[in-house]
Amino acid sequence: MATVYKVLGQNAPSATTATSLYTVPASTSTVVSTITVCNINATAITYRISVRPAAAVQTNAMYIAYDVSLPANATDTLTLGLTLATTDVITVYASSTAVGFNAYGSEIS
């Protein structure tokens, strides 16, 4: 089995729009070590992060962060160790534009 350490995904979603940050490729498992959320705005925002197993329709049980407040020009670093299977999806959402989400980890195939 090969393990590749990498930036798994980067996204700056449109305001109030749930957007895929990362989808686990076919025949692959993934360990997400860290997710960062960077607020580039001059005002506070809120954000959400969820994990949708097998790309399922979003439900409340899937959230790992919900409407978390992030001050202006600040960054949250979440060290998680999430284990994901093929077709699992990390979905992100922000209350405003100019919010960057990044996921870092390893793919195992």
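Now for a quick tour of the structure. (Residues numbered from 1 in each chain as written. Predicted model: local features only at pLDDT ≥ 70, side-chain atom pairs only at ≥ 80, totals over all residues. Heavy atoms only, no water.)

Some points on the nonpolar core
Nonpolar side chains tend to gather and get buried jointly when the protein is soluble and globular.
Turning to step 1, where the next piece is worked out: Core analysis: the biggest nonpolar cluster contains 22 residues, and Val32, Tyr47, Ile49, Leu84, Ile90 and Phe101 have the highest contact counts within it.
Turning to step 2, where the next piece is worked out: Secondary structure elements with two or more residues in this core: β2 (19-23), β3 (29-39), β4 (45-52), β5 (63-70), β6 (75-84), β7 (89-94) and β8 (99-108).
Turning to step 3, where the next piece is worked out: Here this core gets four residues from one element, more than from any other, and that element is β4.
Turning to step 4, where the next piece is worked out: Those residues in contact with Ile90 that lie beyond four places of it in its chain are Thr19, Ser20, Leu21, Tyr22, Val32, Ile35, Ile49, Ser50, Val51 and Leu84. (Core = buried A, V, L, I, M, F, W, Y, C linked by side-chain atoms within 4.5 Å. Buried < 20%, exposed > 50% of the residue type's maximum accessible area, 1.4 Å probe, protein only. Helix = DSSP H or I, 4+ residues; strand = E, 2+ residues; numbered from the N terminus. Contact = heavy atoms within 4.5 Å.)

Things to note about the environment of Gly105
Turning to step 1, where the next piece is worked out: As for its position among the elements, Gly105 is in strand β8.
Turning to step 2, where the next piece is worked out: Separated by 71 residues in sequence, Gly105 and Thr34 have C-alpha atoms that sit 6.7 Å apart.
Turning to step 3, where the next piece is worked out: Setting aside anything within four residues of it in sequence, one finds Gly105 in contact with Val4, Tyr5, Lys6, Leu8, Val31, Val32 and Ser33.

Brief notes about the side chain of Asn39
Turning to step 1, where the next piece is worked out: Looking at the secondary structure, you find Asn39 in strand β3.
Turning to step 2, where the next piece is worked out: Polar side-chain contacts of Asn39 include one of 3.0 Å to the backbone oxygen of Thr43.
Turning to step 3, where the next piece is worked out: For Asn39, the side chain forms a polar contact with the main-chain oxygen of Leu70, separated by 3.3 Å. (Polar contact = N/O pair within 3.5 Å; in protein donor to acceptor, adjacent residues only side chain to side chain.)

Notes on the sheet that holds strand β1 (residues 3-11)
Turning to step 1, where the next piece is worked out: Strand order in the open sheet made by the four strands is β1-β8-β3-β6, with antiparallel pairing throughout. For this open sheet the edge positions go to β1 and β6, each flanked by a neighbour on one side alone. Taking the axes of each pair of neighbouring strands and ignoring which way they run, one obtains an average angle of 15° across the sheet.
Turning to step 2, where the next piece is worked out: Inspection of the sheet shows β3 paired to β8 by 10 bridges, in the antiparallel sense. The residue bridging Val31 from the neighbouring strand is Ser106, located in β8. (Pairing = 2+ DSSP bridges. Axes fitted to C-alpha atoms, helices over the stretch in contact; angles between N-to-C directions.)

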